[in-house]
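Given next are the chains, with one letter for each unit.
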Amino acid sequence: MTTIAVTGATGQLGRLVVDALIARGATPGDIVATVRDTTKTADLAARGVQVREADYDRPETLAAAFAGVDRLLLISGNEVGKRLPQHTAVIDAAKAAGVGFVAYTSLLRADSSPLGLAPEHRGTEEKLAATGLPHALLRNGWYTENYAGSIAGALATGAIAGSAGDGRIAAATRADYAEAAAAVLLAGEPGVYELGGEPFTMSELAAEVSKQSGKPVSYQNLPVAEYQKVLVGAGLPDHYAQMLAETDGLIVDGHLDTDRDDLAKLIGRPVTPLSDAVAAALKN
């Protein structure tokens, strides 16, 4: 019996990882869903999954959460700027608890990426290496769901805005990345995986939205500063809008593209095509 823990198990990715583990044959009772708020876990408990409290900001909760765990998936936190100390607390607790293997959801080419999100991921990877724990780095590319929120607005205005130019984005769905994480956890084999789907440009995304919706939608490429204003106007905080706009500008240079097929190999099937991801977004 191998006990597998998933942090952030009530999050958008974490729930899908639990689903994928069970679909791939893991016994629900051997899965530990660690969460910050246990009141949101009734559905997981009903399936027989163990539920334990684990708050990245409260290290005192982590020792009990990881007791008896053989393999752990550390899903990166969602508070940019706080993630490295949070992840360090999780890794230290995992090592102290005797966890034998850690998989971490990192960023595409985190060791060399100039993206604003990269330093915290790079620091976490370095922390894992320093502990000597056997580990796998799941260097996820962009989620296609990142663009789902812009589709409704695009149908209303006829345009998707950005600063990516003709840069290619090797995005994949959360479900694809979750299935890859489950495969790695079940295998328990260390490695570095550069994960991404079939690349597309923003113009191709707009064309797919137009094709499926029957409404004219085009891609509007903007200077980074102008795109940042658009994001602020949509309600994003200034610092977050700046980071996203600057990230978009770096897409031009290929920093969210990969020709590696690690993701398809891990999940044992083709990565979800853009057309399917757009269709799902249009249904919601």
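First, a word on scope: everything that follows refers to the structure included in this document. (Residues numbered from 1 in each chain as written. Predicted model: local features only at pLDDT ≥ 70, side-chain atom pairs only at ≥ 80, totals over all residues. Heavy atoms only, no water.)

### Structural notes on the side chain of Ser 210
Okay, step 1: Mapped onto the secondary structure, Ser 210 falls in helix H8 (residues 202-213).
Okay, step 2: Among the polar contacts listed, one links the side chain of Ser 210 to the backbone oxygen of Lys 215, at a separation of 2.7 Å.
Okay, step 3: If we skip the residues at most four places from it in the chain, Ser 210 touches Lys 215, Pro 216 and Val 217. (Helix = DSSP H or I, 4+ residues; strand = E, 2+ residues; numbered from the N terminus. Polar contact = N/O pair within 3.5 Å; in protein donor to acceptor, adjacent residues only side chain to side chain. Contact = heavy atoms within 4.5 Å.)

### Let's talk about the pattern of salt bridges
Okay, step 1: This model, assessed by the stated rule, comprises 18 salt bridges.
Okay, step 2: Of the charged contacts in the structure, one is a salt bridge between Asp 43 and Arg 15, with a shortest N-O distance of 2.4 Å. Within this pair, whereas Asp 43 is found in helix H2 (residues 42-46), its partner Arg 15 is found in helix H1 (residues 12-23), the two being separated by 28 residues in sequence.
Okay, step 3: Measuring nitrogen to oxygen at the nearest pair gives 2.7 Å for the salt bridge that ties Asp 176 to Arg 269. Separated by 93 residues along the polypeptide, Asp 176 in helix H7 (residues 174-187) and Arg 269 in the loop between helix H11 (262-267) and helix H12 (274-283) bring together distant segments of the chain. (Salt bridge = Lys/Arg side-chain N within 4 Å of Asp/Glu carboxyl O.)

### Here we look at the packing of helix H4 (residues 83-97) against helix H5 (residues 118-131)
Okay, step 1: Two elements in contact, H4 and H5, have axes whose closest approach is 9 Å; the angle formed by their N-to-C orientations is 20°. It follows that H4 is roughly parallel to H5 by the angle criterion. The chirality of how H4 crosses H5 is right-handed. Here Arg 83, Leu 84, His 87, Thr 88, Ile 91, Asp 92 and Lys 95 of H4 come into contact with H5, specifically with Glu 120, His 121, Gly 123, Thr 124, Lys 127, Leu 128 and Thr 131.
Okay, step 2: Grouping the amino acids of the contact of H4 with H5 by side-chain chemistry returns three nonpolar, six polar and five charged. (Axes fitted to C-alpha atoms, helices over the stretch in contact; angles between N-to-C directions. Parallel < 35°, antiparallel > 145°, perpendicular 65-115°, else oblique. Left-handed = near helix turned anticlockwise from the far one by under 90°. Nonpolar A, V, L, I, M, F, W, Y, C, P; charged D, E, K, R; others polar.)

### Here's the deal with the sheet that holds strand E6 (residues 135-140)
Okay, step 1: Across the sheet, seven strands lie side by side as E3-E2-E1-E4-E5-E6-E8; this open sheet has parallel pairing. Every other strand in the sheet has two partners, leaving strand E3 (50-53) and strand E8 (191-195) as the edge strands with one partner each. When the angles between neighbouring strand axes are averaged without regard to direction, this sheet yields 20°.
Okay, step 2: For E6 and E8, the ladder comprises five bridges, and the chain directions are parallel. Opposite Arg 139, over in E8, you have Glu 194 as the bridge partner. (Pairing = 2+ DSSP bridges.)

### Observations concerning the nonpolar core
Okay, step 1: Counting 35 residues, the largest nonpolar core has Val 17, Leu 21 and Leu 73 as its most contacted members.
Okay, step 2: Counting only elements with at least two residues in this core, the list comes to strand E1 (4-7), H1, strand E2 (31-35), strand E5 (101-107), E6, H7, E8 and H11.
Okay, step 3: Looking at this core element by element, the count peaks at seven residues for H7.
Okay, step 4: Those residues in contact with Leu 21, other than ones at most four positions away along the chain, are Ile 4, Val 6, Ala 26, Ile 31, Ala 182, Leu 185 and Leu 186.
Okay, step 5: By size, the runner-up hydrophobic cluster in this structure holds 26 residues, among which are Leu 117, Ile 151, Ile 160 and Ala 171. (Core = buried A, V, L, I, M, F, W, Y, C linked by side-chain atoms within 4.5 Å. Buried < 20%, exposed > 50% of the residue type's maximum accessible area, 1.4 Å probe, protein only.)

### A look at the environment of Leu 256
Okay, step 1: Of note, Leu 256 is situated in the loop between helix H10 (238-251) and H11.
Okay, step 2: Between the C-alpha atom of Leu 256 and that of Ile 4, which follows or precedes it by 252 residues, the distance is 30 Å.
Okay, step 3: Leaving out residues up to four positions away in the same chain, Leu 256 has contacts with Leu 108, Arg 109, Leu 115, Trp 142, Arg 168, Ile 169, Ala 170, Thr 247 and Ile 251.

### Points about the packing of helix H9 (residues 224-233) against H10
Okay, step 1: Running from N to C, H9 and H10 point in directions that differ by 140°, and their axes come no closer than 8 Å. With respect to H10, the element H9 is oriented oblique. Here the hand of the crossing between H9 and H10 comes out right-handed. Of H10, the residues touching H9 (which contributes Val 224, Tyr 227, Gln 228, Leu 231 and Val 232) are Asp 238, Ala 241, Gln 242, Leu 244, Ala 245, Glu 246, Asp 248 and Gly 249.
Okay, step 2: Split by residue class, the contact of H9 with H10 holds seven nonpolar, three polar and three charged.

### Digging into the environment of Ser 203
Okay, step 1: On the secondary structure map, Ser 203 appears in helix H8.
Okay, step 2: Distance in space between the C-alpha atoms of Ser 203 and Asp 166 is 7.4 Å, their sequence separation being 37 residues.

### Examining unusual backbone geometry
Okay, step 1: One non-glycine residue with positive phi stands out, namely Arg 109, at about 50°.
Okay, step 2: Residue position: Arg 109 is located in the loop between E5 and H5.

### Brief notes about the pairing of strand E4 (residues 71-74)
Okay, step 1: Where burial is concerned, the two faces of E4 agree: the one with Arg 71 and Leu 73 and the one with Leu 72 and Leu 74 are both buried.
Okay, step 2: Note: E1 against E4, three bridges, orientation parallel. Counterpart to Ala 5 in the pairing with E4 is Leu 72.
Okay, step 3: Bridging between E4 and E5 involves four bridges; their strand directions are parallel.

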